[in-house]
Each structure stands twice: as C-alpha cells, then as structure tokens.
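Residue-level structural notes
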Amino acid sequence: MAKTSHHQQAQPAAQRAATLRDAIDDANYRYYVLDNPAIPDAEYDRLMRELEALESDHPELATPDSPTNRVGAKPVAGFAEVRHAIPMLSLANAFTDTEAPAGVDPEHEVRDFVRRVEQGLGIADPEFAVEPKFDGLAISLRYEAGVFVQGATRGDGTTGEDVTANLRTVKAVPLRLRGKAWPTVLEVRGEVYMPKAGFDAYNARMLREGGKPLANPRNGAAGSLRQLDPRVTASRPLAFYAYGVYLPPDPDAVLADRHSAAMAKLRGWGFPTCPQSELVRGVEGCLGYFAKIGAMRDRLPYGIDGVVYKVDRYDQQRELGFVARAPRWAIAHKFPAEEQATVVEAIDIQIGRTGAATPVARLKPVQVAGVTVTNATLHNADQVARLDVRVGDSVIVRRAGDVIPEVVRVIPERRPPHAKPWKMPTHCPICGSAIEREEGEVAARCSGGLVCAAQRRETIRHFASRRAMDIDGLGERYIGDLIEFGYVHSIADLYTLALDDFLEMKRRAEERDGAIPDTVKAGKIASKWAGNLVEAIEASKATTLERFLFALGIPEVGEATAKTLARHFGSLEALMQAGEADLTEVSDIGPVMAGHIAAFFAERRNREAIAALRQAGVHWRESAPQRRTDGPLAGRTVVLTGSLSTLTRDNAKDKLEALGAKVAGSVSKKTSFVVAGDAAGSKLDKARALGVEVWDEARLLALLESHGS
Ligand code: IVH
C-alpha cells in the first residue's frame, strides 16, 4: 500500500524518506513538547508504516536518527558501561518537619539552604528556577552534530548503563535536534517517567490479560528502561522531561547565562521541559511554589515526590560550587512520604450505613504523609484475598491527598510464621445478623437491615421517606436525635412514640446545641410540631404492600421491583415464603436481586421487626396475585431477551401477561419458550443449552396478532 502511494512515484525515495521523517518528528514535537497534537494517531501510524516500507525497500536510506528506530532493536545480553563525560550529581534533601515542636519552624531546612545561598553570594533573595521533582529515573542523553548517539542511566553518578537502544523507543526523546545552532556535542540530563494515565492503562490491561501489573509509576519507568529487549521498552508508556544541560568536555561551558534560558533553548531544539517550571525569588518564593505544587500534586499528569530549587544564574552556581557530590546551589524539598511500612494488628469489618461490610486493617500507628494512620481500608474480601493480607503481616500503607489510607501490599519476608489467611466473618459485629455475599457482587453485607444499629439511621430515613411510608416531617435531623437520645432503636419503635416523647427529645436536643430557652410561644409551636408528627406517624400505618416492601430497604429493591413483587405475590406471606428459585421466576428479578430478597427474609431478626410493625398497626389491603389464569397462554412461562424492533420489552411483557403468560427474568427448564431479539446474550445461550424453544420477534408478533393483540 505504501509502496504504491502517489507520493513515492512523484518523489525520489530519499526525498520522500526525508519528508516522512520531518512529518513524524514534527508530530512528536507538537505532541510532547508543545502539548498540542497536530495529527490523529491513525495518520501518524500511516506515515510510520510508509517510512518503514520505504527503508526496507531501500536499506541504504536507513539512518540512526530515523523515527523507525523507535520500534525497538534486537534484544541484548546485557548493558555496556558508560563513563559520564561530566558526573551526574545528586541533590541534597530538605524535609518539612511534620513533628516540629512548638517554636521550631517546620521549614527550617529550606530556610537554612536559602540562607547559605544568600551568604555564599552576598545577596538577598536570589532567583531560583523551581520545578517539580519527578518520580522517575535520571538519564543523560548525548547528541553529536544534532543526532542522538548515546543514552545512559545515572548509575553511581560516574558510570552508568548504556540504554541507548531503549531510549530510542521513547518518543519524547528527540532522535535528532530541530533547528540549527546547536553545539557539536551536547549532553542533556533529565527524567524518564511514566505518566499516571499510561501507568493506569498499562496496569488495567495487565489485570485484564492476566499479566503482571507495575507497583508504581516510578518502578514502571525504571523497570521499562532496564529491559534487555528494547521492544518491551517500546510497549511501555514512557515520557521525558529535560532539566539540565552540559557541553562536554568542559563542565563549566554554558548555553546561556542562566539555567532558565538554557532550558528554553533545549525546548526549541525539541526537548520536552516541564510546563510547571517557574522562576521565583528568595525563600518565600520557594515555599510559595512548594505549597502551590503540593496543592495540585494529585491533578498533575505525572508523579512527583517534591520540588527542586536551583539557583538560576550560572555564574552564581559556579560561585557556590559543590560539596561532595551535590551542588550547593540546588536542593530537593521533599513531600512527606506517602507510603510507610507498619504492622497489621487486626482485621475488622466495618458495617456501612447501607449494610456493606468493609474489611479494615487496624495498624500499629504510623506517620504517613504527615498524618498518624491507625486504620487502612482493605475495600472488600476480594482485595484482601488478592493482597493476601493476614493479621501480623508487615504491610506498605499509602495515603495520598485526601484519599482514605489503604494497604498497598504485604512485605512477604516479614510474615510471622503461622499467620492465617483472613476470612470474612459469618456474622455482623454490630447486630449478629448473617453476613451475606451474593454471587457476582463485590460487597458482602449485613443482612439485618431492619435491626442493625450501623444501618439504623439510614433504614429509618428510608422507611419514613415520601415514596416509602411517607411520614411527613420526620427528616434526618429528628431521626438522628431520636436515635441519639434512645427513643428509637428500630423502626417499629416509631409507632410507640407519644407527643411528650417528641417534646422531651426536642428539649434535650436544644440543650445539647445550647439553643434558645423555652418561652410560652415556643412551647405552643413545639406542641403543634409534635402533634403533627404523631399524626403523620399514625397516618402512615395505612399503606400498600408495594410501599411497605420498598420501605423495608431490601438491597437493590427499588420502587419498581417492590411493585412487581407486590403484584406477583399478592401478599407478604407469599413473598416471605418464596425461595430464591421462585423469585428468579418473576420477570425483572435476576439472581442477585433474588439472593438479596431471600437473604433479607431469611434473617430471623428482620422477620421479627416486620412482625413488630404489623403488631403496631401497619396494614395494607392484600390482593390475589394479578395474573390471568384463563388466558390462551395460561400456565406458560416466557423469557424475553435482546431488543425487539417493534415493541419495548415492557410492552411485550404486558401483552404476554394479558394472555395469561408468566414472563420470567431468567431461563430454566420450566421456561416454555424464549423470545430472542437483537443482540440476545447469555439467556439465549442458556435456552439453547437447556433445549428450550427459541422464538424470533416475527413469531411473537404473529402469536399476539392471532389473539387480537
Ligand atoms: S536537577 C545537580 N531537577 O533528583 C542537580 N533533578 O538527586 C541535578 N530529579 O535522581 C538534578 N526531578 O533524577 C533535578 N526537576 C528535577 C528533578 C531531578 C527529579 C531527580 C534526579 C536525580 C535526583 C537528584
């Protein structure tokens, strides 16, 4: 395809190759340096394929700076050593002292650094080039006559590893320089990193494909660059920011009079530089920048672990010089570590307001990102199993930004002997009801929705809400007070409340809140308010079965399902006696929902709470199940799957039911036939597997028509 393109016929091969390389390099430059992509990925890929075809037809046209080199050369047995022309220095660290006692400035390390710079230079408020400290891997890139010739890791600062072939695959690293006025030999220093989005996408793919996920973006960058097979590196989402430059062999030769100007030159030649870099003055400028970057840290597309302050003017840098292997003119101001090791002392479960059971690790207290952490979420039973966290384990805990601390991984070498795998408890620690987990659901939950103290507030709020029992005026605030002062332990208690209880509760709540003293007028208003509430509670006793079912707050059972259940079973007794299998026969009730409903009514405490409600006077009119038993389809069970072109599913269901059919939600041996529309899925497969008759839409329509529907 590429070989026969009209361009190639119009242009000699060498010229066409040059045109393609320019276009591809330009696309990279716009993407990585200008952050302003100009051509779609598909177009980029097309240019690349054409160039590859051209170079394979004309091997003499291949060059080391051609973008085709980015796909990755052949694997190597090991990396050669590279002696850096100019040593790669390290940075001294300054920390914010998160445990500074009163009177000690938590930023004294940064202030000391700036003071030393000021004293060394004999000036106040020097200019600093400031930028984030990237969480990746330091590398050095050598260019000769504008062409990338060698790339190396930092190693011990004097000698590193030759990772040229791997670095060629990193599209943010220019293989040749733009423009013209570059020096003959140029060494650019910077950081190879893995952007957060690329890291997340890569790990999501690994989890999908059963591969090994990367521990964090930093390890992702370092591990990817140290691959012996450059094609592996090519498959990893790596990027690069330049943060320094040298003109070997002279360590003092400079591109400009200051660092920021030299960086601007690099940018023009095609090196990505960090858009968050700035120039500031003095210690306040540095600390202001630290605070600003700290606040935007979570939103940055790359990982960082602090910021770096560098004296901007090169003459000032030279005047300050070095101590050991670190410059006196720069420092890394680090954020408090977001990960720490500690020990799991226990694994409890926490019951949420809707009953979800979340395993929580109780930890030996540890400082993480400036805060003492004693608990970390383990999210759910699957996560505990995936991490294999056990009581007694040493673990890495992470706390980033505002997120809840979490256990990242276990340190296997430190596992005590006899540590046992964790299991979800069988009963709720709060109310003793069974903990249930429906197949296919991530969350386990306490099934004692009506009695569990952890769920009480939410249960009562939902029970009293307008679309449920509709107890007018009983909002969240009063529910909270009723619970707090012990007037209500479970929903049935609502029906025992008298006028005086409300008045007393109100008085106690006002006392607690330090609110206004009682006056005659306020007393009258309060009596009216309490009277209204008592009346509303009384009025709610007369309800309907569907409202009552919805009010119970069974997981997954919304208004529509409550209505379906009420219609199908006709009475609460019939519903409570239904097993999971009977429930899945009801249309629109899948196995998960059926499981929730069955578990709810299986819990003795819930049944007792329902009995107490009826005892208190909650009632409704029960009716026979609403299904024709004399229609032409009486006794037949039908399942609808996929989408029909002439009817909505509800429509089809109504019509079938009008003829006496039962429309079920899942296929079983008892199913009479399945109507399969477009894109029918697992239900159709199941029907076929069970040998259940399958109808298409035309046949359904013919049937409906023959019965005048
Ligand atoms: S400047 C002589 N700028 O920090 C100073 N370093 O100890 C040369 N690093 O591993 C370094 N982000 O990879 C500089 N914006 C930045 C940086 C940065 C990360 C790393 C560097 C090296 C360490 C220096």
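Let us look at the structure shown here.

Quick notes on the rules
- Residues numbered from 1 in each chain as written.
- Predicted model: local features only at pLDDT ≥ 70, side-chain atom pairs only at ≥ 80, totals over all residues.
- Heavy atoms only, no water.
- Helix = DSSP H or I, 4+ residues; strand = E, 2+ residues; numbered from the N terminus.
- Rg over C-alpha atoms; globule rule 2.2 N^0.38 Å.
- Buried < 20%, exposed > 50% of the residue type's maximum accessible area, 1.4 Å probe, protein only.
- Contact = heavy atoms within 4.5 Å.
- Areas by Shrake-Rupley, 256 points an atom, 1.4 Å probe, with all protein chains shown as cover.
- Lys, Arg positive; Asp, Glu negative; His and termini not counted.
- Charge placed at Lys NZ, Arg CZ, Asp CG, Glu CD.
- Expected span 1.5 Å × (residues − 1).
- Core = buried A, V, L, I, M, F, W, Y, C linked by side-chain atoms within 4.5 Å.
- Pairing = 2+ DSSP bridges.
- Axes fitted to C-alpha atoms, helices over the stretch in contact; angles between N-to-C directions.
- Disulfide = S-S within 2.5 Å.
- Phe/Tyr/Trp six-rings, centres within 6.5 Å; stacked < 30°, edge-to-face > 60°.
- Lys NZ or Arg CZ within 6 Å of the ring centre and 35° of its normal.
- Left-handed = near helix turned anticlockwise from the far one by under 90°.
- Nonpolar A, V, L, I, M, F, W, Y, C, P; charged D, E, K, R; others polar.
- Near = heavy atom within 4 Å.
- Polar contact = N/O pair within 3.5 Å; in protein donor to acceptor, adjacent residues only side chain to side chain.

Concerning the overall build of the protein chain
- For the protein chain, the count of helices and strands is 25 helices and 24 strands.
- Against the 2.2 N^0.38 benchmark of 27 Å for 709 residues, the protein chain shows a C-alpha radius of gyration of 35 Å, more extended than a compact globule.
- C-alpha extents for the protein chain along the principal axes are approximately 95 × 75 × 55 Å.
- In the protein chain, which comprises 709 residues, the proportion classed as buried is 46%.
- Taking contacts inside the protein chain between residues at least 6 apart in sequence as the whole, the part at least 24 apart equals 68%.
- Total accessible area on the protein chain stands at roughly 34700 Å², and carbon and sulfur atoms take up 51% of it.
- For the protein chain, the separation between the mean place of its 91 positive charges and that of its 95 negative charges on side chains is 2 Å.

Observations regarding helix 3 (residues 41-57)
- End to end, helix 3 covers 24 Å across 17 residues, agreeing with the expected 24 Å (1.5 Å per residue, within 8%).
- Listed in full, the buried residues belonging to helix 3 are Tyr-44, Leu-47, Met-48, Glu-50, Leu-51, Ala-53, Leu-54 and Glu-55.

Focus on the nonpolar core
- Core analysis: the largest hydrophobic core is formed by 57 residues, its most contacted members being Leu-494, Leu-549, Ile-597 and Phe-601.
- No other element matches helix 21 (residues 591-602), which puts six residues into this core.
- Those residues in contact with Ile-597 that sit more than four places away from it in its chain are Ile-554, Val-557, Leu-565, Leu-575, Leu-583 and Ile-589.
- Counting residues in hydrophobic clusters, the runner-up holds 36 residues, among them Phe-199, Leu-225, Ala-256 and Phe-271.

Structural notes on the sheet that holds strand 13 (residues 330-334)
- On the basis of which strands lie adjacent, the open sheet formed by five strands has the order 2-13-10-3-9 and mixed pairing. What marks the edges here is a single partner per strand, and that holds for strand 2 (93-95) and strand 9 (278-281). Neighbour-to-neighbour, the strand axes of this sheet turn through a mean angle of 35°, independent of strand direction.
- Of the strand pairs in this sheet, strand 10 (residues 304-311) and strand 13 are connected by five bridges, and their pairing is antiparallel. Counterpart to Val-308 in the pairing with strand 13 is Ala-332.
- Packing against the sheet, helix 4 (residues 108-121) makes contact with strand 2, strand 3 (127-134), strand 10 and strand 13, and its axis sits at approximately 135° to strand 2.
- Sheet strands touched by helix 10 (residues 282-296): strand 3, strand 9, strand 10 and strand 13. Its angle to strand 9, the strand with the most contacts, is close to 135°.

Observations regarding the state of the cysteines
- Counting across every chain of the model gives zero disulfides.
- Here Cys-428 stays unpaired: no disulfide links it, and the sulfur of Cys-446, its closest cysteine neighbor, is 3.8 Å away.
- Taking relative accessible area as the criterion, Cys-428 reaches 4% and is therefore assigned buried.
- Not part of a disulfide, Cys-431 finds its nearest cysteine sulfur in Cys-446, a span of 3.6 Å.
- The class of Cys-431 is buried, set by a relative accessible area of 16%.

Brief notes about the pairing of strand 5 (residues 147-153)
- Along strand 5, five of the seven residues are buried, which leaves the element largely enclosed by surrounding structure.
- Here strand 4 (residues 137-144) pairs with strand 5 via six bridges, running antiparallel. What sits directly across from Tyr-143, in strand 5, is Phe-148.
- From the end of strand 4 to the start of strand 5, which pair antiparallel, there are two residues, and Ala-145 there has a positive phi angle of about 50°.

Observations regarding unusual backbone geometry
- Residue Pro-249 follows Pro-248 across a cis peptide bond; omega there is 5°.
- Note that Pro-249 resides in the loop between strand 8 (239-246) and helix 9 (259-269).
- Even without being a glycine, Asp-125 presents a positive backbone phi close to 45°.
- Its identity as a non-glycine residue notwithstanding, Ala-145 has a phi of 50°, on the positive side.
- The residue Ala-145 is located in the loop between strand 4 and strand 5 in this model.

Describing the packing of aromatic side chains
- Here the structure, examined in full by the defined rule, presents 17 aromatic pairs.
- Geometrically, the ring pair formed by Tyr-143 and Phe-271 is edge-to-face, given 5.2 Å between the ring centres and 90° between the ring planes. Placement of Tyr-143 in strand 4 and of Phe-271 in the loop between helix 9 and strand 9 is noted, with a sequence separation of 128 residues between them.
- Of the residues examined, Tyr-143 reaches a relative accessible area of 1% and is grouped as buried.
- Judged by its relative accessible area of 0%, Phe-271 falls in the buried class.
- Aromatic pair Phe-600 and Phe-601: ring centres 5.3 Å apart, planes at 90°, arrangement edge-to-face.
- Clustering of aromatic rings is evident, with ring pairs tying together Phe-134, Tyr-193, Tyr-241 and Tyr-302.
- Positioned over the ring face of Tyr-29 is Arg-178, at 3.8 Å from the centre of the ring.
- A cation over an aromatic ring shows up here: Lys-506 above the ring of Trp-529, its NZ or CZ 4.8 Å from the ring centre.

Considering the sheet that holds strand 5
- Read across the open sheet, the four strands follow the order 5-4-7-8; overall the sheet is antiparallel. Two strands close off the open sheet at either side, each with one partner strand: strand 5 and strand 8. Across this sheet, the average inter-strand angle for adjacent strands is 30°, counted without regard to direction.
- Contacting strand 7 (185-193) and strand 8, helix 9 runs over the sheet at an angle of about 130° to strand 8.

A word on helix 13 (residues 456-464)
- Burial analysis of helix 13 places seven of its nine residues in the buried class, which makes it a mostly covered element.
- Burial in helix 13 covers these residues: Arg-456, Glu-458, Thr-459, Ile-460, His-462, Phe-463 and Ala-464.
- Contacts made by the buried residues of helix 13 are with helix 14 (476-484), helix 17 (545-551) and helix 22 (604-615).

Some remarks on the packing of helix 2 (residues 13-33) against helix 3
- One can describe the packing of helix 2 onto helix 3 by two numbers: an axis separation of 10 Å at closest approach and a directional angle of 145°. Classified by chirality, the crossing of helix 3 by helix 2 is left-handed. Between helix 2 and helix 3, the contacting residues are Ala-13, Arg-16, Ala-17, Leu-20, Arg-21, Ala-23, Ile-24, Ala-27 and Asn-28 on the first element and Tyr-44, Leu-47, Met-48, Glu-50, Leu-51, Leu-54 and Glu-55 on the second.
- Grouping the constituent residues of the contact of helix 2 with helix 3 by class yields eleven nonpolar, one polar and four charged.

Things to note about the site of the ligand
- Around the ligand lies a shell of 13 residues, among which Leu-91, Glu-131, Phe-134, Glu-191 and Tyr-243 are the nearest.
- Within the side chain of Glu-191, an N or O atom sits 2.3 Å from an oxygen atom of the ligand.
- Look at the ligand: alone it shows 520 Å² of surface, and the protein chains cover 87% of it.
- Among the secondary structure elements, those contributing two or more residues to the shell around the ligand are strand 3 and strand 10.
- Grouping the amino acids of the shell around the ligand by side-chain chemistry returns eight nonpolar, one polar and four charged.

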